[in-house]
Amino acid sequence: MAKELTLKYGCNPNQVPSRIFMEEGELPIEVLNGRPGYINFLDALNSWQLVKELKEATGLPSAASFKHVSPAGAAVGTPLSEVEKKIYFVDDLELSPIASAYAKARGADRMSSYGDFVALSDTCDKETATLLKREVSDGVIAPDYTEEALEILKSKRKGSYNVIKIDPNYVPNPIERKQVYGITFEQGRNEIKLNEELLKNFPTQNKELPESAKRDLILALITLKYTQSNSVCYAKDGQVIGVGAGQQSRIHCTRLAGNKADIWFLRQHEKVLNLPFKADIRRPDRDNTIDVYISDDYEDVLADGIWEQFFTEKPEPLSREEKRAWLDQLTGVSLGSDAFFPFGDNIERAHRSGVSYIAQPGGSIRDDNVIETCDKYGIAMAFTGVRLFHH
């Protein structure tokens, strides 16, 4: 492994020179294929931390799909339901546990995951590489690769696909630094461990937390730890189903993430599952068409002269009433927030997306209002006492 790597350019083509390097020792990474850039490495190193910590916390293979230094999705390697396989478009593939983790991390928000950087907690196997090869993606980081997997990945993007191997035993310096406007910032790394010990202080009337909710809340909190703040995360069935990242207002985070969670669930509606797509439609066009079909702008894909581009016959629209009736069936969603909720309106919005369990730091002068709103809907909320800002 090298002490430094010269990059083509920084965040933008005019930002040269650019490199990554170690002040002491060697880089804990090895580029096995391609030529990763500045943003690629930011995504790779942030996403690797997420999956490494998630694997340690749950004991399950973990994967993340990153875009612009925030996760579009993250998940653990539990089996997919038949509906999940269909909406993630992997019902024709064999899935190992680590491939299942990535299928869920990528599939929950396919629009945001387009052109992602992938992190895997475990060795990348043939099944995962096969899935990666057919998706639009910039690269992958993992502790190792099987020979079959590496050959598959090296054939992607005309041989230019970025493949990074990282030393899983690497331990970074406990003090981290960065520069802004020529001024150096220094702080201790955020080494806090996020586990079930944080889920014991329940100010709400409902204090019941099933094991699946504990797993999903830990998944949400670890995801938030590596998401640009402010941020809110919805999770269900071992996967992130909505992330609201980098918003100045927490209610906007909650709405953004909730809208993504709604889309995830609406994709499971019978009308969406049975959309009569043309056989030759490109995967990105299909994903975008589904997204528009679910939205209030459905006429953009169903108008005469347009629907013929995507479908073999004109589908019936999914009405607002049908969408609300379907979303009313969504329950058991877990929600994490990287800082306290200042108002009960966040809980009102979360409730509309099926949230039953919440983990947040607490500490707002309006905690009573937030608790009261949770009690109104029977939501179990834990105060973790831990803020998870990430910038």
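Rules used throughout
- Residues numbered from 1 in each chain as written.
- Predicted model: local features only at pLDDT ≥ 70, side-chain atom pairs only at ≥ 80, totals over all residues.
- Heavy atoms only, no water.
- Helix = DSSP H or I, 4+ residues; strand = E, 2+ residues; numbered from the N terminus.
- Rg over C-alpha atoms; globule rule 2.2 N^0.38 Å.
- Buried < 20%, exposed > 50% of the residue type's maximum accessible area, 1.4 Å probe, protein only.
- Contact = heavy atoms within 4.5 Å.
- Areas by Shrake-Rupley, 256 points an atom, 1.4 Å probe, with all protein chains shown as cover.
- Lys, Arg positive; Asp, Glu negative; His and termini not counted.
- Charge placed at Lys NZ, Arg CZ, Asp CG, Glu CD.
- Expected span 1.5 Å × (residues − 1).
- Axes fitted to C-alpha atoms, helices over the stretch in contact; angles between N-to-C directions.
- Parallel < 35°, antiparallel > 145°, perpendicular 65-115°, else oblique.
- Nonpolar A, V, L, I, M, F, W, Y, C, P; charged D, E, K, R; others polar.
- Left-handed = near helix turned anticlockwise from the far one by under 90°.

**Student:** Would you explain the overall build of the protein chain in this entry?
**Tutor:** Check the secondary structure of the protein chain and you find 14 helices and 15 strands. Taking 391 residues into account, the globule formula puts the C-alpha radius of gyration at 21 Å, and the protein chain, at 21 Å, falls close to it. Projected onto its principal axes, the C-alpha coordinates of the protein chain cover approximately 60 × 55 × 40 Å. Put simply, the protein chain has 391 residues, and 52% of those count as buried. Nonlocal contacts in the protein chain, meaning residues at least 24 apart in sequence, comprise 57% of its contacts between residues at least 6 apart. Total accessible area on the protein chain is roughly 18200 Å²; 49% of this is exposed by carbon and sulfur atoms. Averaged over its 48 positive side-chain charges, the protein chain has a centre that lies 3 Å from the centre of its 58 negative ones.

**Student:** Just to check I follow, could you spell out unusual backbone geometry for this structure?
**Tutor:** Residues other than glycine predominantly adopt negative phi, and peptide bonds predominantly adopt the trans conformation. In this model, Val16 is joined to Pro17 through a cis peptide bond whose omega is 0°. Looking at where Pro17 falls in the secondary structure, it is placed in the loop between strand 1 (4-7) and strand 2 (18-21). Of the consecutive residues Ser229 and Asn230, the connecting peptide bond is found in the cis state with omega at -10°. Among the structural elements, Asn230 can be located in the loop between helix 7 (211-225) and strand 11 (231-236). Even without a glycine there, the phi angle at Phe89 is positive, about 60°. Relative to the helices and strands, Phe89 is located in the loop between helix 2 (82-87) and helix 3 (97-107). Residue classification places Phe89 among the buried positions, given a relative accessible area of 18%. Phi at Tyr181 takes a positive value of approximately 55°, unusual for a residue other than glycine. Within the element layout of this structure, Tyr181 appears in the loop between strand 9 (175-180) and strand 10 (183-188). We classify Tyr181 as exposed; its relative accessible area is 82%.

**Student:** Explanation requested: helix 8 (residues 250-266) in the structure shown.
**Tutor:** Owing to its 3.6 residues per turn, the α-helix aligns residues three or four sequence positions apart on the same side. Here helix 8 contains 17 residues, and its C-alpha end-to-end distance of 24 Å stays within 8% of the 24 Å for a straight helix at 1.5 Å per residue. Three or more residues of helix 8 are buried, namely Arg250, Ile251, Cys253, Thr254, Ala257, Gly258, Ala261, Asp262, Trp264, Phe265 and Leu266.

**Student:** Just to check I follow, could you spell out the packing of helix 5 (residues 126-133) against helix 6 (residues 147-154) for this structure?
**Tutor:** A pair of packed helices is characterised by two quantities: the angle between their axes and the separation of those axes. Contact geometry of helix 5 with helix 6 gives a least axis separation of 8 Å together with a crossing angle of 10°. Classed by the angle they form, the pair helix 5 and helix 6 counts as roughly parallel. Facing Lys126, Ala129, Thr130, Leu132 and Lys133 of helix 5, the residues of helix 6 in contact are Glu148, Ala149, Ile152 and Leu153. Along the lines of polarity and charge, the residues of the contact of helix 5 with helix 6 split into 5 nonpolar, 1 polar and 3 charged.

**Student:** Help me understand the packing of helix 3 against helix 5 in this model?
**Tutor:** Between helix 3 and helix 5, the least distance of the axes is 7 Å, while the angle of their chain directions is 25°. One way to sum up the angle between helix 3 and helix 5 is to call them roughly parallel. Helix-helix and strand crossings are classified by hand; for helix 3 and helix 5 the assignment is right-handed. Contacts from Ile98, Ala99, Tyr102 and Ala103 in helix 3 reach Glu127, Thr128, Leu131 and Leu132 in helix 5. Tallied by class, residues from the contact of helix 3 with helix 5 come to 6 nonpolar, 1 polar and 1 charged.

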